[in-house]
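Tertiary structure, described
The primary structure of each chain is shown beneath.
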Amino acid sequence: MFHKEGQTIILVTFFITVGIILASQFYVGVEWLKVLLQITALLILILILQFFRNPKRLVTPDFDEILAPVDGKVVVIEEVEENEYFREKRKQVSIFMSPLNVHVTRYASSGTITYSKYHPGKYLVAWHPKSSTENERTTVVIHTPKFGEILYRQIAGALARRIVNYAEEGEQVTQGEDAGFIKFGSRVDLFLPLNAEITVDLNQKVIGAKTCIATLKNEDG
């Protein structure tokens, strides 16, 4: 299953690949060059297909858990000042996606979209400390039943040149549903309330709509 954002580029790449294979078969007389061109074209098609893959993940919404919004590796877990929306301290969890990861963004929790904004910007490498505030990005806030408002931010990386965000203010969303797409390497930051109990570790690999990122602390314990 492939993401709808990749339909055009997949079709174009497919026809170009077929064209290169046929042209090299009939018009390239040097055997090693012909094989090299055909293999290269096929490899590029395979890379495009794997990048836009969109595996179906069945989710039973759980208001007590924040799920990973994307596939990737946890690169930041810290308490920070979130200055765009909350203007107060929050727990930040950042997930870096390599070009080999699934790049679908999924809603980390069910709730109501209360804020959704696009910011043009730079294309620093996604793990750069300033990428969260200086790169091209979108910021989305979901009002959840248990955690209150949580914020996630899609951030373009050095290779990413398009962020797709489906969240619209006032919309009711369901945990695990498709929230957007980031093309070619990027990261997503989550900003959670201070009473959230982070359940992942630095450098841990997570799976979107599968891995639990946080639960609520037991105030009685």
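First things first, this report covers the structure right here in the doc. (Residues numbered from 1 in each chain as written. Predicted model: local features only at pLDDT ≥ 70, side-chain atom pairs only at ≥ 80, totals over all residues. Heavy atoms only, no water.)

**Observations regarding the sheet that holds strand E14 (residues 212–216)**
With antiparallel pairing, the 3 strands of this open sheet are ordered in space as E1-E14-E12. Edge strands, defined here as strands with exactly one partner in the open sheet, are strand E1 (65–67) and strand E12 (196–198). With strand direction ignored, the average angle separating the axes of adjacent strands in the sheet is 30 degrees. The pairing of E1 with E14 spans 3 bridges and is antiparallel. Its bridge partner lying in E14, Ile-66 is registered against Ala-214. (Pairing = 2+ DSSP bridges. Helix = DSSP H or I, 4+ residues; strand = E, 2+ residues; numbered from the N terminus. Axes fitted to C-alpha atoms, helices over the stretch in contact; angles between N-to-C directions.)

**Overview of the nonpolar core**
With 29 residues, the main nonpolar core has Ile-66, Tyr-107, Ile-142, Tyr-152, Leu-190, Leu-192 and Ile-213 as its most contacted residues. If sequence neighbours within four positions are ignored, Tyr-152 has contacts with Thr-105, Tyr-107, Thr-138, Thr-139, Val-140, Ile-142, Asn-165, Ala-167, Ala-179, Val-188, Asp-189 and Leu-190. Judged by nonpolar contacts, the second largest core, of 8 residues, contains Ile-48, Phe-52, Val-102 and Val-164. (Core = buried A, V, L, I, M, F, W, Y, C linked by side-chain atoms within 4.5 Å. Buried < 20%, exposed > 50% of the residue type's maximum accessible area, 1.4 Å probe, protein only. Contact = heavy atoms within 4.5 Å.)

**Describing unusual backbone geometry**
A positive phi is found at Asn-203, a non-glycine position, where the angle reads about 70 degrees. Counting through the fold element by element, Asn-203 comes out in the loop between E12 and strand E13 (205–206). Positioned with a positive phi, Ala-209 is a non-glycine residue whose angle comes to about 65 degrees.

**What about helix H1 (residues 7–27)?**
Counted at 1.5 Å a residue, the expected span for H1 with its 21 residues is 30 Å, and the 30 Å between its end C-alpha atoms agrees. Every buried residue of H1 is accounted for by Ile-10, Thr-13, Thr-17 and Ser-24. Down the axis of H1, the smallest arc covering the buried residues is 75 degrees, so these residues share one side. With respect to the buried face of H1, the exposed residues turned more than 90 degrees away are Gln-7, Thr-8, Phe-15, Phe-26 and Tyr-27. (Expected span 1.5 Å × (residues − 1). Arc of directions from axis to C-beta.)

**A look at the packing of aromatic side chains**
The full count for this structure, using the stated rule, is 7 aromatic pairs. Both rings, one in Tyr-85 and one in Tyr-115, keep their centres 5.0 Å apart while their planes meet at 45 degrees; by these two values the pair is tilted. With Tyr-85 in the loop between strand E2 (72–82) and strand E3 (88–97) and Tyr-115 in strand E5 (residues 111–119), the pair connects residues that are 30 residues apart, well separated along the chain. Given the relative accessible area of 25%, Tyr-85 is considered partly exposed. An angle of 70 degrees between the planes, with centres 6.5 Å apart, marks the rings of Tyr-107 and Tyr-152 as edge-to-face. A residue pair is termed long-range when its members are at least 10 positions apart, and Tyr-107 in the loop between strand E4 (104–106) and E5 and Tyr-152 in strand E7 (residues 148–156) qualify at 45 residues. The exposure class of Tyr-107 is buried, given its relative accessible area of 2%. Through a chain of ring-to-ring contacts, the aromatic side chains of Phe-51, Phe-52 and Phe-181 assemble into a single cluster. The lysine or arginine in question, Lys-4, covers the ring of Tyr-166, its NZ or CZ lying 4.6 Å from the ring centre. (Phe/Tyr/Trp six-rings, centres within 6.5 Å; stacked < 30°, edge-to-face > 60°. Lys NZ or Arg CZ within 6 Å of the ring centre and 35° of its normal.)

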